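Notes for the structure review
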Amino acid sequence: MRHGGAWLLLAMSFAGCEDAAKRPVQAHAPALEPQQTQQARVAQGAQAQPMQARVLQAGPSTVGNLPLRNLKTQPLISLTPRMPGGIPYLIEIVKAKFASGEANYKAGHLAAARRDFDDAVDWMLESGYDPNSDPKLSELFHQVTDTIYAYELQAFRAGDGFSEAPAVPAPIDEVAEMTFPVDPKLKERAEEAAKSLSHDLPLTVNDVVVSYLNFFQTPRGRAIVETGLRRKGKYDDMIARVLREEGVPQDLIYLAQAESAFQPLALSRAGARGIWQFVQWRGNEYGLKRTWWVDERMDPEKATRAAAQHLRDLYGLFGDWYLAIAAYNCGPGNVQKGVERTGYADFWELYKRNVLPRETKNYVPIILALTLIAKDAAHYGISAEPEQPVETDTVKPGRAIDLRLVAETIDADVATLRTLNPSLLRMATPDDPSFVLHLPKGTAETFSAEIADIPADKWVSWRRHRVESGETLTSIAKKYRVTPGAIAAANDLEAGTGLEAGEKLIIPAARPVEETKSRLVRYRVRRGDTLGGIADQFSVTDGDIRRWNGLKGGKVSRGMVLRIYTVGGAPETRTVKSSVKTRRKKPASASGSPGGSQAKP
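On a predicted model such as this, the values are computed, not experimentally measured, just so you know.

This brings us to the overall build of the protein. Per the secondary structure count, the protein includes 24 helices and 8 strands. Across the 601 residues that make up the protein, the buried fraction comes to 48%.

Listed below in structure tokens is the structure:
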């Protein structure tokens, strides 16, 4: 727990340094003209600043010249003029900012929560009032800072921190709306090369396809192709197997290259995710679950199977692979309308008659261009060393478990576990007995043996620590914010027992606060937002958002404020048994074993 006064003084010193960088330093405190707005600062009531405070404002370069003083005996000095409206108004503003931060935090929107919490603290620090000068303000100050501190720890333990993991932009967003010139010589070469290629989808070489062949040989286009071909090696075998099992052409793999360059975390502007770029509701149709904890659209194998089934259904509807691929992009309804308007069930006729969305018109030619290059990369001067498939072990933990505990148990790193399990949205697995966790090859046995020593209902909070040379119980306890006695009791250590470098200790860390209630979030629509994309951000459906806001259609306008009820939950607790004992006082119980992008409807 931090000392409020000392923390405030430290924060003020940082604020002073920041201000010094933004404006010239003054050796005196000139009077300020009063402002008309409530947020403006006025000179009236500003406390006189002693020389030490003014020097502190001048920045860190002068602090070293000050004599050491006992700051605990010094009263807190207000470094800014007091804001108008008085302490009651300040308390009202801070409470509102803090409440907004709590709502965002509990909804899982950590970047927004951080901004709100920073605003709440900044209002108090910049108000001109000493928080210790008023009982209500002092109580609020300590409540806010202590709660924010607790939330920071919970967010850290949940693996999120106060920053949301950035998604990878989907390449199709960049390319599909562009047009490029045609090189006649390139067209002749492409036509000749295509004659010798084996394929199980029709290969068409025309001016539109050649224009994308031309782009994919520019520096930017080449980078996209090489990234896709390199990452394709990791998923080649798996995708070929699934496409074969589902009875669809092998060349459909190039849809994934166009959509995402085989990046499981790819996210389009419309909220489509994964290597096959499913929007949420289409993914639901094909069994891809989206919960607070996991998004199976980012599970490469599950998404591949769903994509193969969806494409097979589309081919059954249109009887033509080009039309099926177009429908994968913009939805079968849009393609069907184009066919009905023109009377042609032929993609190139629909292209010429301009009855398809612009992105969809370009979507099929992009895939054909990528197919031609991938099948004969050397002919187009492109070279990429494919990544190798990653072999894994799989286990079913049976309940929620923190990935850091998993990593510490099998001596792996968390980044590796995240890469092997891209569908996980949090730093913990879901409380789902059927969930399959992928581990580095050869570690499943170690995991099952060692995790059994930790109570299963502690898997989301407790940790393991490998002792390093020179560490003591006290230093380890300080790192994890627990007591030395708690660690000693959890590991059956007698008083005064020394620690051996290399041994593993169980760390009984505190469990994060559970949050299972529905929370109201108000979301302001930004440029480029779609209803489906917003729904995906909050793990709800677009139908939910329409119902909560009385929307009749599926369109939202920039600046519109939407009411969204989002739910985040912690795992339920169960009692399960374990059998393996390390340094523990009592044996603990543990559980057993251990579609398309953009406007796709």
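Angle between the axes and distance between the axes are the two parameters that describe a pair of packed helices. In contact at an axis separation of 12 Å, helix 13 (residues 300-318) and helix 15 (residues 332-342) are set at 20 degrees when each is read in the N-to-C sense. Relative to helix 15, the element helix 13 is oriented roughly parallel. You can see that helix 13 and helix 15 cross each other, and the crossing is right-handed. Seen from helix 13, the contacting residues are Leu-314, Leu-317 and Phe-318; seen from helix 15, they are Pro-332, Val-335 and Gln-336. For the contact of helix 13 with helix 15, the per-class residue count stands at 5 nonpolar, 1 polar and no charged.

Turning our attention to the pairing of strand 6 (residues 504-507). Side chains Lys-504 and Ile-506 project from strand 6 onto one buried face, and the interleaved Leu-505 and Ile-507 project onto a second face that is buried too. In this structure, strand 5 (residues 463-466) lies alongside strand 6, joined through 4 bridges in antiparallel fashion. Along strand 6, the bridge assignment pairs His-465 with Leu-505.

Moving on, we come to the confidence of the model for the protein. Here the protein averages 76 in pLDDT, while 72% of its residues score no lower than 70. Here residues 512-517 scores under 50 on pLDDT; set against residues more than four positions off or in separate chains, the count is 18 contacts. Under a pLDDT of 50 for its full length, residues 568-601 has, in the predicted model, 135 contacts with residues more than four places off or in other chains.

What follows is about the packing of aromatic side chains. Two aromatic rings, taken as a pair, are described by how far apart their centres are and by the angle between their planes. Under the counting rule described, the total for this entry stands at 9 aromatic pairs. Relative to Phe-216, the ring of Phe-215 has its centre 5.3 Å away and its plane inclined at 55 degrees; by these criteria the two rings are tilted. For the pair formed by Phe-215 and Phe-216, the shared burial category is buried. In this arrangement the basic side chain of Lys-361 is found over the ring face of Tyr-351, its NZ or CZ atom lying 4.6 Å from the centre.

Mapped onto the elements of the fold, Arg-464 is located in strand 5. Although Arg-464 is buried, it forms no salt bridge, and the closest oppositely charged side chain is Glu-450 at an N-O distance of 4.1 Å.

This part is about helix 20 (residues 444-451). For helix 20, the full list of buried residues reads Ala-444, Phe-447 and Ile-451. Down the axis of helix 20, the buried side of the element spans an arc of 60 degrees, and every buried residue falls inside it. Each element contacted by the buried residues of helix 20 is listed here: strand 3 (392-395), helix 18 (403-410) and strand 4 (437-440).

This brings us to the packing of helix 10 (residues 219-246) against helix 13. Two elements in contact, helix 10 and helix 13, have axes separated by 9 Å at closest approach and are oriented at 35 degrees. Of the two elements, helix 10 crosses helix 13, and the hand of that crossing is right-handed. Across from Tyr-235, Met-238, Ile-239, Arg-241, Val-242, Leu-243, Glu-245 and Glu-246 in helix 10, the residues of helix 13 making contact are Pro-300, Glu-301, Thr-304, Arg-305, Ala-308, Gln-309 and Arg-312. Among the residues forming the contact of helix 10 with helix 13, the class breakdown is 7 nonpolar, 2 polar and 6 charged.

Another point: the pattern of salt bridges. Scanning the entire structure with this criterion turns up 28 salt bridges. Between Lys-289 and Asp-432 there is a salt bridge, with the nearest N and O atoms lying 3.3 Å from each other. Of this pair, Lys-289 sits in the loop between helix 12 (280-285) and helix 13 while Asp-432 sits in the loop between helix 19 (414-420) and strand 4, and the two are 143 residues apart along the sequence. Exposure remark for Lys-289: the relative accessible area of 38% places this residue in the partly exposed category. In this structure, Asp-529 engages Arg-526 in a salt bridge whose closest nitrogen and oxygen atoms are separated by 3.9 Å. Residue class for Arg-526 comes out partly exposed when judged on its relative accessible area of 49%. Each of Arg-241, Glu-245, Glu-246, Glu-301, Arg-305 and Arg-312 takes part in one network of salt bridges that share partners.

Here we take up the side chain of Glu-259. Structurally, Glu-259 can be placed in helix 11 (residues 253-260). Separated by 2.5 Å, the side chains of Glu-259 and Tyr-363 make a polar contact.

Before going further, it helps to examine the environment of Glu-471. Structurally, Glu-471 is set in the loop between strand 5 and helix 21 (473-480). What makes Glu-471 partly exposed here is its relative accessible area of 22%. Through-space distance from the C-alpha of Glu-471 to that of Ala-501 is 8.1 Å; in sequence the pair is 30 residues apart. Setting aside residues up to four positions removed in sequence, Glu-471 forms contacts with His-465, Arg-466, Ile-476 and Leu-499. Engagement of the side chain of Glu-471 in a polar contact is seen with the backbone nitrogen of Glu-468, the distance being 2.8 Å.

With respect to the element layout, Leu-420 can be found in helix 19. When its relative accessible area of 15% is taken as the criterion, Leu-420 is described as buried. Between the alpha carbons of Leu-420 and His-438 there is a distance of 5.9 Å; along the sequence they are 18 residues apart. For Leu-420, the residues in contact, after removing those within four places along its chain, are Val-390, Thr-392, His-438, Leu-439 and Pro-440.

As a rule of thumb, non-glycine residues mostly have phi less than zero, and peptide bonds are mostly trans rather than cis. The backbone phi angle of Phe-262 is positive, close to 60 degrees, even though this residue is not glycine. One can find Phe-262 in the loop between helix 11 and strand 2 (266-267). When its relative accessible area of 0% is taken as the criterion, Phe-262 is described as buried. Phi is positive for Asn-354, which is not a glycine, with a value near 55 degrees. Of note, Asn-354 is situated in the loop between helix 16 (347-352) and helix 17 (358-375). Under the relative-accessibility criterion, Asn-354 is labelled exposed at 51%.

Burial analysis of helix 11 places 8 of its 8 residues in the buried class, the great majority of the element. Taken as a whole, helix 11 has its buried residues at Ile-253, Tyr-254, Leu-255, Ala-256, Gln-257, Ala-258, Glu-259 and Ser-260. Residue Ala-261 follows helix 11 closely and has a positive phi angle near 55 degrees.

About the thresholds
- Residues numbered from 1 in each chain as written.
- Predicted model: local features only at pLDDT ≥ 70, side-chain atom pairs only at ≥ 80, totals over all residues.
- Heavy atoms only, no water.
- Helix = DSSP H or I, 4+ residues; strand = E, 2+ residues; numbered from the N terminus.
- Buried < 20%, exposed > 50% of the residue type's maximum accessible area, 1.4 Å probe, protein only.
- Axes fitted to C-alpha atoms, helices over the stretch in contact; angles between N-to-C directions.
- Parallel < 35°, antiparallel > 145°, perpendicular 65-115°, else oblique.
- Left-handed = near helix turned anticlockwise from the far one by under 90°.
- Contact = heavy atoms within 4.5 Å.
- Nonpolar A, V, L, I, M, F, W, Y, C, P; charged D, E, K, R; others polar.
- Pairing = 2+ DSSP bridges.
- pLDDT = per-residue confidence, 0-100.
- Phe/Tyr/Trp six-rings, centres within 6.5 Å; stacked < 30°, edge-to-face > 60°.
- Lys NZ or Arg CZ within 6 Å of the ring centre and 35° of its normal.
- Lys, Arg positive; Asp, Glu negative; His and termini not counted.
- Salt bridge = Lys/Arg side-chain N within 4 Å of Asp/Glu carboxyl O.
- Arc of directions from axis to C-beta.
- Polar contact = N/O pair within 3.5 Å; in protein donor to acceptor, adjacent residues only side chain to side chain.

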